Amino acid sequence: MKDTMIGVDLAKRVFQLHGASMTGHVKFRKKLTREQFRRFMSDQSACVVVFEACGSASYWAREMEALGHDVKLIAPQYVRPFVKRQKNDAADAEAMVIAARQPEMRFVAPKTAEQQAKAVVFRSRERLVHQRTELVNALRAVLYEYGHVFPTGLVHLKRIEALLDDPASDLPLLIIAECQDLLAQIAEKTERIDSKTKGLKALADETDTARRLQTMPGVGPLTALAVEAFAPDMAQFKCGRDFAAWLGLVPRQHSTGGKQRLGRVSKAGQADIRRLLIIGAMSRLNWLGRRTIPEDSWLSRLAARKPRMLAAIALANKMARAIWAMLTKDEEYRAPAQGAAA
């Protein structure tokens, strides 16, 4: 039985360790370099190692598990209440041990190397999309200063190109040259985004899990890959609602005295999957997607009486629950019975 728990405050070069027994008796406090930390842990008998869930936590979790230790990751917001007085590395390491001893504490599942690789590629595409949006906004801002107003969206780039190519344009030559340079950068970003998208779709076709998830309406290759890359093992959730809550798709509560007060969705969870599920739900509620919704179904009745965004969030919540059921039961998507109330 493991009788020692070690809290480790990770950093780039110097790690702070706090070792204690399972009952809280302090055994040691150490400050070690990366190399010293690795040697120290290899010499330790099997114990429980606690990290905050940060950038390098999954890597070190895999390294510690290879040495025979049991690893627990805790979200930083759950460690913070246990920090005594002033914040420093030693206090953080001690707070991790105290937090990990709480019987009701929730832990983060370490990611595998393959999960992290998929997440890196996914985030790389997202970064390119943000950079392209920044360039498009900069282009529209420059033209706005000269009295030319263009709506948002890539579809209007053709109109901007036509304005720049117009010999009768009132734009100065320097502005035309700058705008053409921005257009060239936008085209380069678009080409790279398309290449990343093609690669991500190929990755999504390689696994049965992603293929199974794509049988659900509103779930495409990117959403399926995001679930694979960012979601933990679904066995960690007792029910589909727990997974929806982990995504931040449940109402924020401010209840007291037995009276429930529910607000907007909490957004206290994994943002990438949540955003893609809402986008997929919105695609089912546009003019084309509505044609595939059976009449008198739960979604049809909800869309008839609620705003589209509210209906989309409710549908995204339902999609999250269905994803949990599909992955825990290893089944493909099954459409709910027509006319079901839930």
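Right above here is the structure, for reference.
To start, this report covers the structure provided alongside it. (Residues numbered from 1 in each chain as written. Predicted model: local features only at pLDDT ≥ 70, side-chain atom pairs only at ≥ 80, totals over all residues. Heavy atoms only, no water.)

**A closer look at the sheet that holds strand β2 (residues 14–21)**
With mixed pairing, five strands are arranged side by side in an open sheet as β3-β2-β1-β4-β5. Two strands in the sheet have a free side with no partner beyond their single neighbour: β3 (26–33) and β5 (70–74). Neighbouring strand axes in the sheet, compared pairwise and without regard to direction, differ in orientation by 20° on average. Across four bridges, strand β1 (residues 4–9) lies against strand β4 (residues 48–52) in parallel orientation. Within the sheet, the bridge partner assigned to I6 lies in β4 and is V49. Most of the contacts of helix α1 (residues 34–43) go to β3, to which it runs at about 140°, and overall it touches β1, β2, β3 and β4. (Pairing = 2+ DSSP bridges. Helix = DSSP H or I, 4+ residues; strand = E, 2+ residues; numbered from the N terminus. Axes fitted to C-alpha atoms, helices over the stretch in contact; angles between N-to-C directions. Contact = heavy atoms within 4.5 Å.)

**Focus on the nonpolar core**
One finds L213, V227, M234, F243, I273, L277 and I323 to be the most contacted residues of the largest nonpolar core, which totals 45 residues. For this core, the element with the most residues is helix α13 (residues 308–329), which contributes eleven residues. The contact partners of V227, leaving out residues within four places of it in the chain, are L213, M234, I273, I323 and L327. (Core = buried A, V, L, I, M, F, W, Y, C linked by side-chain atoms within 4.5 Å. Buried < 20%, exposed > 50% of the residue type's maximum accessible area, 1.4 Å probe, protein only.)

**Describing the packing of aromatic side chains**
In this structure the tally under the stated criterion is nine aromatic pairs. Ring pairing ties together the aromatic residues F15, F37, Y59 and W60, which thus form one cluster. Seen from the ring of F107, K72 lies directly overhead, with NZ or CZ sitting 4.7 Å from the centre. (Phe/Tyr/Trp six-rings, centres within 6.5 Å; stacked < 30°, edge-to-face > 60°. Lys NZ or Arg CZ within 6 Å of the ring centre and 35° of its normal.)

**Focus on the layout of surface pockets**
Counted as a void, the largest pocket has a volume near 1400 Å³. What lines the largest pocket is a set of 37 residues, among which A75, F107, V108, A109 and W246 lie closest to the centre. Ranked by residue count, the leading element in the lining of the largest pocket is helix α5 (residues 113–144), at five residues. Class assignment for the residues of the lining of the largest pocket results in 22 nonpolar, eight polar and seven charged. (1 Å grid on protein atoms, 1.4 Å probe; cavity = no way out; pocket = protein on both sides within 12 Å on 5 of 7 lines; lining within 4 Å. Points joined across faces, edges and corners; volume = space filled by probe spheres on them. Nonpolar A, V, L, I, M, F, W, Y, C, P; charged D, E, K, R; others polar.)

**Describing the pattern of salt bridges**
Taken as a whole and assessed by the stated rule, the structure comprises twelve salt bridges. Across the pair R334 and E331 runs a salt bridge whose closest N-O atoms are separated by 3.3 Å. Among the charged side chains, a network of salt bridges with common partners joins E114, K118 and E228. (Salt bridge = Lys/Arg side-chain N within 4 Å of Asp/Glu carboxyl O.)

**Some remarks on helix α6 (residues 157–165)**
Within α6 the residues assigned to the buried category are L157, I160, L163 and L164. With its buried residues spanning 115° around the axis, α6 presents them on a single face. Away from its buried face, by an angle of more than 90 degrees, α6 presents the exposed residues K158 and D165. On the buried face of α6, the contacting elements are α5 and α7 (173–204). (Arc of directions from axis to C-beta.)

**Describing the packing of helix α11 (residues 271–285) against α13**
α13 packs onto α11 with a crossing angle of 120° between their chain directions and a minimal axis gap of 8 Å. Regarding the angle of α11 to α13, the classification is oblique. For α11 against α13, the interelement crossing comes out right-handed. Residue-level inspection shows L277, I278, A281, M282, R284 and L285 of α11 in contact with α13, the latter providing R308, M309, A311, A312, I313, L315, A316, M319, A320 and I323. Here the contact of α11 with α13 is built from residues that sort into 14 nonpolar, no polar and two charged. (Parallel < 35°, antiparallel > 145°, perpendicular 65-115°, else oblique. Left-handed = near helix turned anticlockwise from the far one by under 90°.)

**Side note on unusual backbone geometry**
Backbone geometry places R85, a non-glycine residue, at a positive phi of 50°. Among the structural elements, R85 can be located in the loop between α3 (76–79) and α4 (89–100). For D330, which is not glycine, the phi torsion reads 55° and is therefore positive. Relative to the helices and strands, D330 resides in the segment after α13.

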